[in-house]
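Close look at the chain arrangement
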Amino acid sequence: MKLEQKEQVILRLEAYIQGLQEGMRLKQRILQGKCNRKQGKEGERM
């Protein structure tokens, strides 16, 4: 019984970690997109 509970906790924590990792990846993409847009706008003004 305890082993089953521990396995469920592990699965839940692994899913949580995967969600955090995906969020970090998406954050990087969003930040890179913002930087690229700022650079493009500055280039247009010159």
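As shown above, the structure is provided for reference.
Reading the values: rules and limits
Residues numbered from 1 in each chain as written. Predicted model: local features only at pLDDT ≥ 70, side-chain atom pairs only at ≥ 80, totals over all residues. Heavy atoms only, no water. Helix = DSSP H or I, 4+ residues; strand = E, 2+ residues; numbered from the N terminus. Areas by Shrake-Rupley, 256 points an atom, 1.4 Å probe, with all protein chains shown as cover. Patch = residues over 30% accessible without salt bridge, like charges linked within 9 Å, V, L, I, M, F, W, Y side chains within 5 Å. Salt bridge = Lys/Arg side-chain N within 4 Å of Asp/Glu carboxyl O. Buried < 20%, exposed > 50% of the residue type's maximum accessible area, 1.4 Å probe, protein only.

**Observations concerning the overall build of the chain**
- Tallying secondary structure elements over the chain gives one helix and zero strands in all.
- Summed over all atoms, the accessible surface of the chain reaches about 4,900 Å², with 57% contributed by carbon and sulfur.

**Notes on a nonpolar patch on the surface**
- Nonpolar side chains collect at one region of the surface, where Tyr16, Ile17 and Leu20 lie side by side and expose about 310 Å² of accessible area between them.
- Note on placement: Ile17 falls in helix α1 (residues 2-45).
- According to the relative accessible area criterion, Ile17 is partly exposed, its value standing at 44%.

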